[in-house]
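Coordinate analysis (summary)
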Amino acid sequence: MTNSAPTKNTTAFFAMAGISFAVSLIALMFAILYLDTDTWAKAFLAMGVLFLTTSTFTLAKCVRDNEESQSVVHRLDQARVDRLLAEHDPFRAVS
């Protein structure tokens, strides 16, 4: 039985992910702002970007929560099996 420790992201990876997200979002908003079209089209594209951003965060949270719940269930099942194996005595007399 192997106990796999959960992986933890490094601070550098977390910073890189945050910075790249911020740069891409700012660049896209800057591009929409300077797009050669009327204000309504710019507002429509900006709202699309904001909805896409918030739904991406929601999806990432749902995936993370699903993974965490599966790992907890797996650990509980493994603990139950370990306890049953530890309590089992094959030489105990059946009464």
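We now turn to the structure provided with this report. Throughout, residues of each chain are indexed from 1 in the direction in which the sequence is written. Residues qualify for local features only when their pLDDT is at least 70, as the model is predicted, and side-chain atom pairs are given and counted only at 80 or more; totals for whole chains, interfaces and linings, by contrast, use all residues. Values reported for side chains reflect all heavy atoms of the structure, with hydrogen atoms and water molecules removed beforehand.

**Comments concerning the layout of surface pockets**
Put simply, the test is: Lining residues are defined by having an atom within 4 Å of a point belonging to a cavity or pocket. Those points lie on a 1 Å grid over the protein atoms alone, cavities being sets where a 1.4 Å probe fits but cannot get out and pockets being open sets with protein on both sides within 12 Å along at least five of seven lines. Grid points are joined across faces, edges and corners, and a volume is the space filled by probe spheres set on the points. Helix and strand definitions follow DSSP, with helices as H or I runs of at least four residues and strands as E runs of at least two, each counted in order from the N terminus. Each residue gets one of three labels, nonpolar for Ala, Val, Leu, Ile, Met, Phe, Trp, Tyr, Cys and Pro, charged for Asp, Glu, Lys and Arg, and polar for the others, Gly among them.
One number sums up the size of the second largest pocket: a volume of about 290 Å³. Around the second largest pocket sit Phe21, Ser24, Leu25, Leu28, Val49, Leu52, Thr53, Thr56, Phe57, Ala60, Lys61 and Arg64, which together line it. Counting residues per element, the ones that place at least two in the lining of the second largest pocket are helix 1 (11-33) and helix 2 (39-87). Here the lining of the second largest pocket gets eight residues from one element, more than from any other, and that element is helix 2. A class-by-class count of the residues in the lining of the second largest pocket yields seven nonpolar, three polar and two charged.

**Focus on the packing of aromatic side chains**
Applicable threshold: Stacked, tilted and edge-to-face are the three classes assigned to paired rings of Phe, Tyr and Trp, where Trp is represented by its six-membered ring and a pair needs centres within 6.5 Å; plane angles under 30 degrees give stacked, over 60 edge-to-face, the rest tilted. To sort residues, take the accessible area from a 1.4 Å probe on protein chains only and compare it with the maximum for the residue type: under 20% means buried, over 50% means exposed, and anything in between is partly exposed.
Counting across every chain of the model gives two aromatic pairs. Geometrically, the ring pair formed by Phe21 and Phe57 is edge-to-face, given 5.2 Å between the ring centres and 70 degrees between the ring planes. Of this pair, Phe21 sits in helix 1 while Phe57 sits in helix 2, placing them 36 residues apart in sequence. Ring centres of Phe30 and Tyr34 lie 4.7 Å apart, and the angle between their planes is 55 degrees; on these two criteria the pair is classed as tilted. The pair formed by Phe30 and Tyr34 is uniform in burial state, with each residue classed as exposed.

**Some remarks on the packing of helix 1 against helix 2**
This is how the line gets drawn: Axis definition: a line fitted to C-alpha atoms, limited for helices to the stretch in contact. Angles are taken between N-to-C directions and run from 0 to 180 degrees. Angular relationships are summarised with four words: roughly parallel below 35 degrees, roughly antiparallel beyond 145, roughly perpendicular across 65 to 115, and oblique for the angles in between. Note: crossing handedness is left-handed where the near helix turns anticlockwise from the far helix by less than a right angle, and right-handed where it turns clockwise. The criterion used for residue contact is that any of the two residues' heavy atoms lie within 4.5 Å.
Two elements in contact, helix 1 and helix 2, have axes whose closest approach is 9 Å; the angle formed by their N-to-C orientations is 165 degrees. Taken as axis vectors, helix 1 and helix 2 run roughly antiparallel relative to one another. The two elements helix 1 and helix 2 cross, and the hand of that crossing is right-handed. Taken together, the residues of helix 2 that come into contact with helix 1 (itself represented by Phe21, Leu25, Leu28, Met29, Ile32 and Leu33) are Lys42, Leu45, Ala46, Val49, Thr53 and Phe57. Here the contact of helix 1 with helix 2 is composed, by residue class, of 10 nonpolar, one polar and one charged.

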